[in-house]
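If you want the building blocks of each chain, they are given just below.
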Amino acid sequence: MARRLGTIMVDMGYLDEDGLMRVLEDQKRSGSELMGKVAVRLGLVKEDQVLKALGEQLGMKVMRLADTTIPAEMTELVTENMATTFKVVPISQHKKDKSVTVAMAEPQNPSTLGDLRTFLGVEVKGAIASESDVAAAIERLYAGHHESISDVVRQIEQDKGLQKMAGRNESTIDLEAIEEMAEAAPVRKLLNMVLLLAIKDKASDIHFEPFEEEYKMRYRVDGILYELVPPPRHLAPAISSRIKVMSNLDIAERRLPQDGKIQLALGGNNVDIRVSTLPTMFGESVVLRILDRSVVQLDLKKLGMPEDTLARWLDVIHKPNGIILVTGPTSSGKTTTLYATLNDLNKIEDKIITTEEPVEYEIEGLIQVPINPEIGVTFGACLRAILRQDPDKILVGETRDLETAEISIQASLTGHVVFTTLHTNDAPSAVTRLRDMGLPTFLITATIEAVLAQRLVRKLCVNCKTEFMPGPEVIMELGLTQEQAASQKWFYGKGCERCNNTGYKGRMGIYELIVMNDVLRDMIVAEVSLDEFREACRKYGMRTLRESGLQAIGDGRTSVEEILRETMTEV
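First, a word on what this report is: a plain description of the structure on this page. Each chain carries its own residue numbering, running from 1 in the written order of its sequence. Only residues with pLDDT of at least 70 get local features here, since the model is predicted, and only at 80 or more are side-chain atom pairs given and counted; chain-wide, interface and lining totals rely on the full set of residues. Computation of side-chain values covers all heavy atoms of the structure but excludes hydrogens and water.

## A word on the sheet that holds strand E3 (residues 124-128)
In step 1: Pairing between strands requires that DSSP locate at least two bridges from one strand to the other. Counting from the N terminus, the helices are DSSP H or I runs at least four residues long and the strands are E runs at least two residues long. One open sheet accounts for three strands, arranged E1-E2-E3; its pairing is mixed. Of all strands in the sheet, those with a lone pairing partner are strand E1 (88-93) and E3, marking the two edges. Adjacent strand axes in the sheet meet at a mean angle of 30° when their direction is disregarded.
In step 2: Pairing between E1 and strand E2 (residues 100-104): five bridges, direction antiparallel. Looking across to E2, one finds that Gln 93 is bridged to Val 100. Every axis in this analysis is a line fitted to C-alpha atoms, fitted for helices over the stretch in contact. Angles between the N-to-C directions lie between 0 and 180 degrees.

In structure tokens form, the structure reads like this:
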């Protein structure tokens, strides 16, 4: 086990015991600040002394980059984007084993060398340098070397080794040639740039799509797909193989779909990348889903719920039993709302068990069970086992069939709170959906406590949002009169550097919440029409998705276009 940095500094004579105690007490108060930085801030040691102690602790050489000559070709290997993301400077590459040595500003981060190994495909060794030294060296080294994806695509087009693959049928390329292409420096560089750019721009997915004449790269930011500069078509097998190498998939298997995972830790944030490959007519389509914990807000107060809706939601989730449904189409933020809810309920006195397909975010304190239908681990089978684990609250990823719905009902009748999701267009339709599954009406009324329907809309960029008055066609489409439209404010996003000229930055939810009462339960038993039930829900406090959207527009948080796009089906 490595010796503690404070002990090493005392042994080296840089600190005395009293000084060490002062540093540790100050560090405790300041929270996450590193011990060495605290010691420097308090004026007890110099920065170079901390670096020497770190070198002793980690078994790394301490370097002064201002005195180090760095070969220009190192910038080809480690791009500027990679250097700034990981706070490293490439120093040299070993001629025989191709291992790379980098100077690190954050040598205590244990995942940096592993992540660089994933990106570069070679062994990476570390040395230590100060933060200011690394920043200055990056500035010096990459001056005039600012590369874009377009530059790398041009390099690839001129690469003689890769040009040999152009015009060859994908099915005739042998495994050895594909391995060689996947390890080619330009291919690695392109993929690294796309990955780091997508994570920096907070993209949720990256798509690599082969077509007959071209190969497309797109990424999704705030729910909208944007196209990147397309690489040459003949690079398709090389890119899919490189991704497979990074995610430990079988590069020889190109006929079957495969699923894998890449794990990174950028700037202290854990980023999980789910990899999915799919054989198509023209090669393998690859989609990377980026699960960046720093992007997802698992805080109910930050999801965009109006205060009155949030107050009613907080009230209902603390009930001792019953079923609470969250509904909406795919990618409407249902899982995030449920995670934020469970995060709020995550107390030492409650046992919470979730069953999901897949487990998207790991939360300390929750027992999370991944579904695997191939071996019989279905929602129904898991739920039966969960009930024998003495839970207080249960999350069922999705209610797809009668079996899961029935076990959820049994769980709620025996004193558990069950959270689950359904695919319906709005909150009132959830009751009809459960009835269509085959659940008896009396069981629905006995167990359902609340239904929350939701959609995700893009938030206007706070830097460039501008007030305006919509035209009569838009007002009519929203179902408003001219007087109603004039009584509220309207905004749109002009577009600026901060939001990549889109006018939007981030997303928020719009919500429709039904909290059950005796009148609504009686209406469900009487099997009234959906329209009648919807009207009654509005009478008892439900704000429809469209109304919730209009409120968000008036608050200056989103645009008319977003609300019309996400609430088109509403009357």
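## Quick notes on helix H15 (residues 334-345)
In step 1: Each helix should span, by expectation, one fewer than its residue count multiplied by 1.5 Å. Under the 1.5 Å per step criterion, the end-to-end length of H15 is 17 Å for 12 residues, consistent within 8% with the ideal 16 Å.
In step 2: By the burial criterion, the buried members of H15 are Lys 334, Thr 337, Leu 338, Tyr 339, Ala 340, Thr 341, Leu 342 and Leu 345. Summary of the burial criterion: residues with accessible area below 20% of their type's maximum are buried, those above 50% are exposed, and those between are partly exposed, where the area comes from a 1.4 Å probe applied to protein chains only.

## Considering empty space enclosed by the protein
In step 1: Here the term cavity refers to a set of points on a 1 Å grid, laid over the protein atoms alone, in which a 1.4 Å probe fits but cannot get out; the term pocket refers to an open set having protein on both sides within 12 Å along at least five of seven lines, with lining residues being those that place an atom within 4 Å of a point. Grid points are joined across faces, edges and corners, and a volume is the space filled by probe spheres set on the points. One pass over the structure, following the stated rule, counts two cavities of 30 Å³ or more.
In step 2: The computed volume of the largest cavity comes to approximately 50 Å³.
In step 3: Per element, the largest residue contribution to the lining of the largest cavity is three residues, and it comes from helix H17 (residues 402-413).
In step 4: Split by residue class, the lining of the largest cavity holds seven nonpolar, three polar and no charged. Amino acids outside the nonpolar list (Ala, Val, Leu, Ile, Met, Phe, Trp, Tyr, Cys, Pro) and the charged list (Asp, Glu, Lys, Arg) are all regarded as polar, and Gly is one of them.

## Describing the packing of helix H16 (residues 379-386) against H17
In step 1: As a packed pair, H16 and H17 sit with axes 8 Å apart at the nearest point and diverge in direction by 20°. By the criterion of interaxial angle, the relationship of H16 to H17 is roughly parallel. Between H16 and H17 lies a crossing whose hand is left-handed. For the pair H16 and H17, the contacting residues are Phe 379, Gly 380, Leu 383 and Arg 384 in the first and Glu 403, Thr 404, Ile 407 and Ser 408 in the second.
In step 2: Its residues assigned to classes, the contact of H16 with H17 comprises three nonpolar, three polar and two charged. Roughly parallel covers angles under 35 degrees, roughly antiparallel covers those over 145, roughly perpendicular covers 65 to 115, and oblique covers all other angles. Working rule for handedness: look at the near helix, and if it is turned counterclockwise from the far one by less than a right angle, call the crossing left-handed; if clockwise, right-handed. Between two residues, a contact is recorded if the distance between any of their heavy atoms is within 4.5 Å.

## Focus on the pattern of salt bridges
In step 1: Salt-bridge detection follows one rule: a side-chain nitrogen of Lys or Arg within 4 Å of a carboxyl oxygen of Asp or Glu. Tallying each qualifying case throughout the model produces 27 salt bridges.
In step 2: Glu 398 is the partner of Arg 400 in a salt bridge, and the nearest nitrogen-oxygen pair spans 3.3 Å.
In step 3: When salt bridges that share partners are traced, they join Arg 458, Glu 562, Arg 565 and Glu 566 into one network.

## Things to note about the packing of aromatic side chains
In step 1: Here the aromatic set is Phe, Tyr and Trp, taking the six-membered ring for Trp, and pairing holds for ring centres within 6.5 Å; pairs whose planes are under 30 degrees apart are stacked, those over 60 apart are edge-to-face, and all others are tilted. Overall, the coordinates contain two aromatic pairs when judged by the stated rule.
In step 2: Ring centres of Phe 86 and Phe 119 lie 5.8 Å apart, and the angle between their planes is 65°; this geometry places the pair in the edge-to-face category. Taken together, the residues Phe 86 in helix H6 (residues 80-86) and Phe 119 in helix H7 (residues 112-120) connect sequence positions 33 residues apart. For the residue pair Phe 86 and Phe 119, the accessibility class agrees, reading buried in each case.

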